[in-house]
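Structural features, examined
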Amino acid sequence: MTSSSHDSILKLLRKHSGQDFFGYKDGPILRGVEHRMRKNRIASVEEYVTFLKREPEEIDKLHRELLVGVTRFFRDKVAFADLDKLALSSLIDGSPCQTLRFWVVGCSTGEEVYSLAMLAQERIEACRHQPALKIFATDIQPEALGVARAGIYPLQVSENISEARLKRFFEPHPDGFKVKPTIRRPIIFSTHSILHDIPFSRLDLVNFRNLLIYLEPDAQREALTKIHYALKPNGFLFVGHSESVEGHDDLFRQIDRGGNIYQTVVKSHQGGTASECFPMSPRQLTLQPGGKRIQVSSALVGAREAARARTEELQSVNEELQSANEELQSTNEELATLRDELQATNEELRGRCLVLEKDLEKADRDNNEMENAFRSFGVGVIVLDLELRILRHTWAVTRVVQLIPADAGRPLADLRLWLKLEMTDLSDIVKSVLRDLEPFQQNVQHEDGHWYAMKVSPSRRANNSIEGVSLTFLE
Ligand SMILES: C[S@@+](CC[C@H](N)C(=O)[O-])C[C@H]1O[C@@H](n2cnc3c(N)ncnc32)[C@H](O)[C@@H]1O
């Protein structure tokens, strides 16, 4: 790949995604570009650059290809065991510190930060003074951070997590396992680039694994200087298996045999290396008044101090913003979950409504069939509630009582009987049936001379409670 094609691709990526790959090693970028070229059956890099300009979606795909997010729980178990023995034991058991502050740089989909949180939690629970824990977990990929925030992982992760830890720190989820709040709560996730954003500060431990290898030496130095600046004196740095902090002895010294764990050597930034992290421009320097060397250096020290104070102020504001952002994000996620749940409930209710509608249709049909049967057998039925008001009736009953559908709810006593039976007598019969819960039967004569068998019985609901009384008239 020519340097002009390389630059064109990185500029397109920067313009489209806002992410700057200048400072990343050429090898992985070239491999990513070649892979995308093969996928699109494109033979030359120049042709691929033209294709990228024409198809913005391809820039997204290349972007994802370059940000290798490979990760897993307790990736390199021996290194994690060393971290526990050498760093966490000293930080948690050995110091009366109130709040421990960790930072996981390039956390991808979260497996690594939850591994660290599990180890720390185990130590904290076993420790007498139980320090509080705050872990910043950052990455430049918002999609990966979304997965990390949700903390839901497939069943296969059980291959890398012991059964005891799975039980203690995870709960079952339809998609596999979900991290419990004990290890989710101390973590603040946010988008942040180790190369382009202000670092956190006053940290006890920085986990910076499997990202250093993708960076050019200058960018490596820049990242390590920022991390050194962010750590407290004797703070710990945890790097990946194939990474080395060799050549940066002025910043870190190795403390394990595997070359994964380091401690800061001097806090030279306390003497002013903030300017190394956030350098002043030459123009700022030439603006300092006075030609004497002593004046320049005291102005320089003053400016450095001011820059450091300003940087720390910015860091606190940044942290507060990160926390607020994290809270908003969680609220947002809760709202999204709530919306999904509401949608599910809505769908369930709609389903139930359909079933009810079908039941109603069936009940209506049954009712009509019953009505027809009653009509053909000449059975009139009238059902009264406990206060002797009309609940429902069949059409056949209108031959013995004057009734229309609008009469539902009217008292029995208001109705006109076409029978040679006084309404007061009928009311007394109904009341005695309600009182004794014993059916009553009697033949009654219609005004036209026909005889009807009248039966008055308690009417029960499906749960066997008394609803009222039913009166049937059979000619
Ligand atoms: C190979 S993964 C490593 C994940 C994890 N640290 C581990 O070792 O399992 C590298 C991660 O670094 C992230 N990354 C790349 N450049 C970054 C930058 N400038 N600042 C922060 N994260 C970055 C990528 O998005 C990716 O998620």
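Further up the page is the structure itself.
Right, let's walk through the structure included here. (Residues numbered from 1 in each chain as written. Predicted model: local features only at pLDDT ≥ 70, side-chain atom pairs only at ≥ 80, totals over all residues. Heavy atoms only, no water.)

**Looking at the overall build of the chain**
- The number of helices and strands found in the chain is 14 helices and 15 strands.
- The buried share of the chain, reckoned over its 475 residues, is 42%.
- Restricting the contact set of the chain to residue pairs at least 6 apart, pairs at least 24 apart contribute 64%.
- Looking at the chain as shown, the accessible area adds up to about 26,200 Å², and 52% of this sits on carbon and sulfur atoms. (Helix = DSSP H or I, 4+ residues; strand = E, 2+ residues; numbered from the N terminus. Buried < 20%, exposed > 50% of the residue type's maximum accessible area, 1.4 Å probe, protein only. Contact = heavy atoms within 4.5 Å. Areas by Shrake-Rupley, 256 points an atom, 1.4 Å probe, with all protein chains shown as cover.)

**Quick notes on the packing of aromatic side chains**
- Evaluation of the coordinates by the stated rule reveals eleven aromatic pairs.
- Ring geometry for Phe74 and Phe80: centres 5.5 Å apart, planes at 75°, overall edge-to-face. For the pair Phe74 and Phe80, a shared accessibility class is recorded, and that class is buried.
- On the basis of an interplanar angle of 75° and a centroid distance of 6.2 Å, the ring pair of Tyr114 and Tyr153 is categorised as edge-to-face. In this pair, Tyr114 sits in helix α6 (residues 111-125) while Tyr153 sits in strand β3 (residues 152-153), placing the two residues 39 residues apart along the sequence. (Phe/Tyr/Trp six-rings, centres within 6.5 Å; stacked < 30°, edge-to-face > 60°.)

**Some points on the sheet that holds strand β5 (residues 176-179)**
- Read across the sheet, three strands follow the order β3-β5-β4 without closing on themselves; strand pairing throughout is antiparallel. Sheet topology places β3 and β4 (170-173) at the edges, where each strand pairs with a single neighbour.
- Across four bridges, β4 lies against β5 in antiparallel orientation. If you follow Glu171 over to β5, its bridge partner there is Lys178. (Pairing = 2+ DSSP bridges.)

**Describing the site of the ligand**
- Taken together, 19 residues sit near the ligand, with Tyr24, Thr71, Glu112, Asp139 and Asn210 positioned nearest.
- With respect to the ligand, the side chain of Gln141 contributes an N or O atom lying 3.0 Å from an oxygen atom.
- Arg209 is positioned such that a nitrogen or oxygen atom in its backbone is 3.0 Å from a nitrogen atom of the ligand.
- For the ligand, the accessible surface in isolation is 600 Å², of which the surrounding protein chains cover 98%. (Near = heavy atom within 4 Å. Polar contact = N/O pair within 3.5 Å; in protein donor to acceptor, adjacent residues only side chain to side chain.)

**A look at the packing of helix α3 (residues 45-54) against helix α4 (residues 56-66)**
- Running from amino to carboxyl end, α3 crosses α4 at an angle of 115°, the nearest separation of the two axes being 5 Å. With respect to each other, α3 and α4 are oriented roughly perpendicular. On α4, the residues touching Tyr48, Phe51, Leu52 and Arg54 of α3 are Pro56, Glu58, Ile59 and Leu62.
- Of the residues assigned to the contact of α3 with α4, the class counts are six nonpolar, no polar and two charged. (Axes fitted to C-alpha atoms, helices over the stretch in contact; angles between N-to-C directions. Parallel < 35°, antiparallel > 145°, perpendicular 65-115°, else oblique. Nonpolar A, V, L, I, M, F, W, Y, C, P; charged D, E, K, R; others polar.)

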